[in-house]
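Reading the structure
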Amino acid sequence: MHRSEESATDTGWVQRDAAVVWHGFTQMATFDSNSPVIVDHADGHYLVDVDGRRYLDAISSLWVTTLGHNVSELDNAVRAQLDLVAHTTLLGNGNRIVIELSEALAKVVPLDGPHFLYASDGASAVEQALKIAFQFWTNQGIHGRHRYLAFGGAYHGDTVGGISVGAGGFGTDIFDPLRFDVLRAPDFSDSRCFEIATQLIEENRDSLAAVIIEPLVQGAAGMQLCSPTDLARLEAACQANNVLLIADEVAVGFGRTGTLFACEQAGLRPDLLCLGKGITGGYLPMAATVANDRVYKEFLGADLGERTFYHGHSYSGNALAAAVALRHLSLIHEWKVLENVVERGVELGEKLAARVATLPGVRAVRRCGLMTGVELAPPSQGLRWGRKVTAACVTRGVLIRPLGDVIVLMPPLTVTSSEIDTIVATLATAISEVCT
Ligand SMILES: *Cc1c(COP(=O)(O)O)cnc(C)c1O
């Protein structure tokens, strides 16, 4: 590159971005007028933009970062694997680091006899689970089991299968003609939702392949919570009616709720488990569909036969991702990360109760572990309070992103007390400024 070209491109990152990058869930015609942060590098829990401004990453880079950025142990795990190999296919062949990761995960996932089918995104993990659940019945010669039961408010990713079991909203209603038919229980905010789900399972037991649920917290619904007791009831209904249970722990998994997996808090042992987001500590794209032994063994049969699961992704079981995921799992233990989630979670809850929940513009605060939603109560539609409050926080150096009028706080699992202070103080100021 010539010197003159270099200096001409030193500035105007937002314009350069808008000229060539298409951002998800983002209207590109107005992208540049919404003051996007263009990250240059990270510094622990902070992100530093191209102009040197610092932002506390209070949404964990959309719920994936767990131990912060530039964690030297994780950096080194990637570097060490680079000296071996970056990626080899898992179709028909194996890779040592993937075996080691799967063995380590097998010890901690809440399934009996777990088997790991890897993918690169949470949506693909869900897609795999849906297809496995369907074929599980077909492989046994049981036909007509092609429906799924999902909950209102559910979010399971953005592939066509994912949006079908997902509840819609966020502008995805335009895809309604593509969605396959799903039995829908009410959302978690309806106190009868598990009662109705149980009834739907009983009535449709012969056409249901599986029930899919986000255990404890529906993240994208704005942190809607359910109780461990309700989850246990749902599991009992699935067992009584011989329907598979899929737990989508893409958001809640890897410590976000205070236990390594949310299922643990309800003693839930699903047939299929979807993992993603935090699995690599937020370093590299990796997801997994975990099947229990009961499901897995129905796929065993003749070589090249019909019982095989004919599905696979090019980057399934990427070795760099596996190496960082394995180190990440050991760090969660070594650093006693789950204890910090519980302690900082309580602290966050207390501080929000004292300084934010009492503000007139706030309707509710919902929290499980460090997953938190602050629901605003705009007096009329179209005020865009969510967007304005988060923008006011970003201006003050705390990076957050709303879900409509719910302010999401999803700090890294290693967040400190003083960072909790900063987040709550900044949010309180922003809400007082905007919500009048
Ligand atoms: C984020 C999310 C997904 C989709 O994961 P991607 O990696 O974004 O495809 C699926 N389910 C839940 C519960 C999620 O929060």
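Parameters and conventions
- Residues numbered from 1 in each chain as written.
- Predicted model: local features only at pLDDT ≥ 70, side-chain atom pairs only at ≥ 80, totals over all residues.
- Heavy atoms only, no water.
- Helix = DSSP H or I, 4+ residues; strand = E, 2+ residues; numbered from the N terminus.
- Rg over C-alpha atoms; globule rule 2.2 N^0.38 Å.
- Buried < 20%, exposed > 50% of the residue type's maximum accessible area, 1.4 Å probe, protein only.
- Polar contact = N/O pair within 3.5 Å; in protein donor to acceptor, adjacent residues only side chain to side chain.
- Contact = heavy atoms within 4.5 Å.
- Pairing = 2+ DSSP bridges.
- Near = heavy atom within 4 Å.
- Nonpolar A, V, L, I, M, F, W, Y, C, P; charged D, E, K, R; others polar.
- Axes fitted to C-alpha atoms, helices over the stretch in contact; angles between N-to-C directions.
- Left-handed = near helix turned anticlockwise from the far one by under 90°.

Turning next to the overall build of the chain. When its secondary structure is counted, the chain shows 15 helices and 17 strands. For a compact globule of 436 residues, the expected C-alpha radius of gyration is about 22 Å, and the chain comes in at 22 Å, within 12% of that figure. Taken along its principal axes, the extent of the C-alpha atoms in the chain is 65 × 55 × 45 Å. Counting across all 436 residues of the chain, residues that qualify as buried make up 52%.

Turning next to the side chain of S102. If you trace the backbone, S102 turns up in helix α5 (residues 96-106). For S102, the side chain forms a polar contact with the main-chain oxygen of V98, separated by 2.7 Å. Among all residues touching S102, those that are not within four sequence positions of it are F116 and Y118.

Turning our eyes to something else, we now look at the sheet that holds strand β3 (residues 54-57). What the four strands build is an open sheet, ordered β1-β2-β3-β15; its pairing is mixed. Edge strands, defined here as strands with exactly one partner in the open sheet, are β1 (39-43) and β15 (398-399). Across three bridges, the pairing between strand β2 (residues 46-49) and β3 is antiparallel. Within the sheet, the bridge partner assigned to L47 lies in β3 and is Y55.

Another point: the environment of F134. Topologically, F134 is positioned in helix α6 (residues 122-138). Here F134 falls in the partly exposed class, since its relative accessible area comes to 39%. Sequence-wise, F134 and R145 are 11 residues apart; in three dimensions their C-alpha atoms are separated by 6.6 Å. Contact partners of F134, with chain neighbours within four places excluded, come to R145, H146, Y148 and A209.

Buried within helix α14 (residues 385-395) are the following residues: W385, G386, V389, T390, A392, C393 and V394. The secondary structure elements touched by the buried residues of α14 are β3, β14 (371-376), β15, β16 (402-403), β17 (406-409) and α15 (417-434). Looking one or two places after α14, you find G397, whose phi comes out positive at around 90°.

On to the environment of D17, then. One can find D17 in helix α2 (residues 13-20). The exposure class assigned to D17 is buried, which follows from its relative accessible area of 13%. For the pair formed by D17 and I38, sequence separation is 21 residues and the distance between their alpha carbons is 8.7 Å.

Before going further, it helps to examine the site of the ligand. Taken together, D121, G122, A123, Y155, H156, G157, E214, D248, V250, A251 and K277 make up the full set of residues adjacent to the ligand. Separating an oxygen atom of the ligand from a backbone N or O atom of A123 is a distance of 2.8 Å. K277 places a side-chain nitrogen or oxygen 2.6 Å from an oxygen atom of the ligand. Taken together, the residues of the shell around the ligand break down into four nonpolar, three polar and four charged.

Of the two faces of strand β11 (residues 272-275), the one holding L272 and C274 and the one holding L273 and L275 are both buried throughout. With three bridges connecting them, strand β10 (residues 244-248) and β11 associate as parallel partners. Directly across from D248, in β11, lies its bridge partner C274. The pairing of β11 with strand β12 (residues 287-291) spans four bridges and is antiparallel. Across the sheet, residue L273 finds its bridge partner in β12, namely V290.

Turning next to the packing of α5 against helix α12 (residues 319-334). Following both chains from N to C, one finds α5 and α12 inclined at 35°, their axes separated by 9 Å at the closest point. Relative to α12, α5 is oriented so that their crossing is left-handed. For the pair α5 and α12, the contacting residues are I97, V98, E100, L101, A104 and L105 in the first and A319, A322, A323, A325, L326 and L329 in the second. Of the residues in the contact of α5 with α12, the class split is 11 nonpolar, no polar and one charged.

The subject of this paragraph is the sheet that holds β16. Spatial ordering of the open sheet is given by β13-β14-β17-β16, a layout of four strands whose pairing is antiparallel. Edge positions in the sheet fall to β13 (362-368) and β16, since each of these pairs with one other strand and no more. Where β16 lies against β17, two bridges are found, and the strand directions are antiparallel. Residue pairing for β17: P402 is matched across the bridge by I407. Relative to β13, helix α13 (residues 337-355) is tilted by about 170°, and along the sheet it contacts β13, β14 and β17.

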